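# Notes for the structure review
Chain by chain, the residues:
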Amino acid sequence: MKRKLKMGLIGLSAAFLVACSSSGDKLTIGTDAAYAPFESLDGDKIVGFDVDLLDAVMKEAGLEYEIKNTGWEPLFIALKNEEVSAGISAITINDKRKKTYDFSSPYFESVNMILAKEGTSIKSAKDLEGKKVSVQNGTTGQEALEKMFGKNENIKKFDNNTLAIQALLNGEVEAVVADNAVVQEYEKNNPDKKLVTISDKDSFESEFYGIIFPKGGEHQDEINKALKKVIDDGKYTEIYKKWFGEEPNVDVLKQ
Ligand code: ARG
């Protein structure tokens, strides 16, 4: 009888501890909120497709979280140091990153694209040769240019994509290379800037975004399961339509 009571108490306090630690600590998810329509600041609120998707996924997984605007390169450092549990930031899944980080399954297809001023002579990626082009430092846009032309001083690297676009507006560079949805969104929202977007599917490869995790981190399985659920049950489609005004092709995410 006495022993039973003791065991019961131990059980109860263990359950109490578990309950406290899971409701007490929210997971921190990092992002670089300068990449509309995926993540950007509206006042001091972070908004975007990624933000809504993350919210749906975390609700599905039953995980409490807060999203933190870490910036781009600091996000990767924070992941390495496990200061954040995950990141969502239009991050392309690639082999180089997979060496250091884990990824969810793909949630968005993307490709690099050129943004330039109206009247530009640039028609394709090869026309960027010998021209000053801005990119966000440490992105696949930078990588694509370096692969085509080698590392060189015409590739101007900026901490975020807003600064890379600013360099185009200032006339410091002739073009920006960044993800297609992002440059198209900028062009559409800024008709006064008189910009054009130039696609080149031969030079720029198709990429897929994933949620990124510290290697061997704790939460990837539950988050990945929840992501699959959100894609399958139509919530993903709803969020996609809200931000892109059209139906997604979810089949490309399942290959
Ligand atoms: N998809 C590109 C990459 O992974 C660019 C992502 C930039 N994201 C951002 N939030 N600034 O390299």
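Residues numbered from 1 in each chain as written. Predicted model: local features only at pLDDT ≥ 70, side-chain atom pairs only at ≥ 80, totals over all residues. Heavy atoms only, no water.

### Considering the side chain of Glu146
Here Glu146 is to be found in helix H5 (residues 140–149). Lacking a salt bridge, the buried Glu146 has Lys151 as its closest oppositely charged neighbour, with an N-O distance of 4.3 Å. Residues within four places of Glu146 in sequence aside, it is in contact with Lys151, Ile155 and Lys157. (Helix = DSSP H or I, 4+ residues; strand = E, 2+ residues; numbered from the N terminus. Buried < 20%, exposed > 50% of the residue type's maximum accessible area, 1.4 Å probe, protein only. Lys, Arg positive; Asp, Glu negative; His and termini not counted. Salt bridge = Lys/Arg side-chain N within 4 Å of Asp/Glu carboxyl O. Contact = heavy atoms within 4.5 Å.)

### Considerations on the nonpolar core
In terms of nonpolar packing, the biggest core is built from 46 residues, with Phe38, Phe49, Tyr107 and Tyr236 touching the most fellow members. Broken down by secondary-structure element, the contributors of at least two residues to this core are strand E1 (27–31), helix H2 (49–61), strand E8 (108–117), helix H6 (161–169), strand E11 (175–179), helix H7 (180–189), helix H8 (220–232) and helix H9 (235–244). When residues in this core are grouped by element, the largest group, six residues, is from H2. Residue contributions to this core reach at least three from each of two domains, namely domain 1 (14–109 + 207–250) and domain 2 (112–198). (Core = buried A, V, L, I, M, F, W, Y, C linked by side-chain atoms within 4.5 Å. Domains from an automatic or database assignment.)

### Overview of the packing of aromatic side chains
Considering all chains together, one arrives at 17 aromatic pairs under this definition. A ring pair is formed by Phe49 and Tyr107, whose centres lie 6.4 Å apart and whose planes are at 25°; its orientation type is stacked. One end of the pair, Phe49, is in helix H2; the other, Tyr107, is in the loop between strand E7 (101–103) and E8, with 58 residues separating them in the sequence. Between Phe76 and Tyr101 the ring centres are 5.6 Å apart and the planes differ by 70°, which places this aromatic pair in the edge-to-face class. (Phe/Tyr/Trp six-rings, centres within 6.5 Å; stacked < 30°, edge-to-face > 60°.)

### Some thoughts on the sheet that holds strand E3 (residues 39–42)
Pairing within the open sheet is antiparallel, and its three strands lie in the order E2-E3-E4. Sheet topology places strand E2 (34–35) and strand E4 (45–47) at the edges, where each strand pairs with a single neighbour. Where E3 lies against E4, three bridges are found, and the strand directions are antiparallel. By the bridge assignment, Asp42 is partnered in E4 with Lys45. (Pairing = 2+ DSSP bridges.)

### A short note on unusual backbone geometry
Geometrically, the link from Ala36 to Pro37 is a cis peptide bond, its omega value of 5° lying close to zero. Among the structural elements, Pro37 can be located in the loop between E2 and E3. A positive phi angle, near 55°, is found at Glu82, a position not held by glycine. Judged by relative accessible area, which is 55%, Glu82 ranks as exposed. One non-glycine residue with positive phi stands out, namely Lys194, at about 50°. In this fold, Lys194 is placed in the loop between H7 and strand E12 (195–198).

### Overview of the UniProt feature "domain: Ionotropic glutamate receptor C-terminal" (unreviewed entry) in the protein
Listed under "domain: Ionotropic glutamate receptor C-terminal" (unreviewed entry) in the UniProt record, and renumbered for this structure, are residues 26–246. Along residues 26–246 the backbone is 35% helical and 26% strand, and the end-to-end C-alpha distance reaches 33 Å. (UniProt positions renumbered as here; feature names shortened; annotations may be inferred.)

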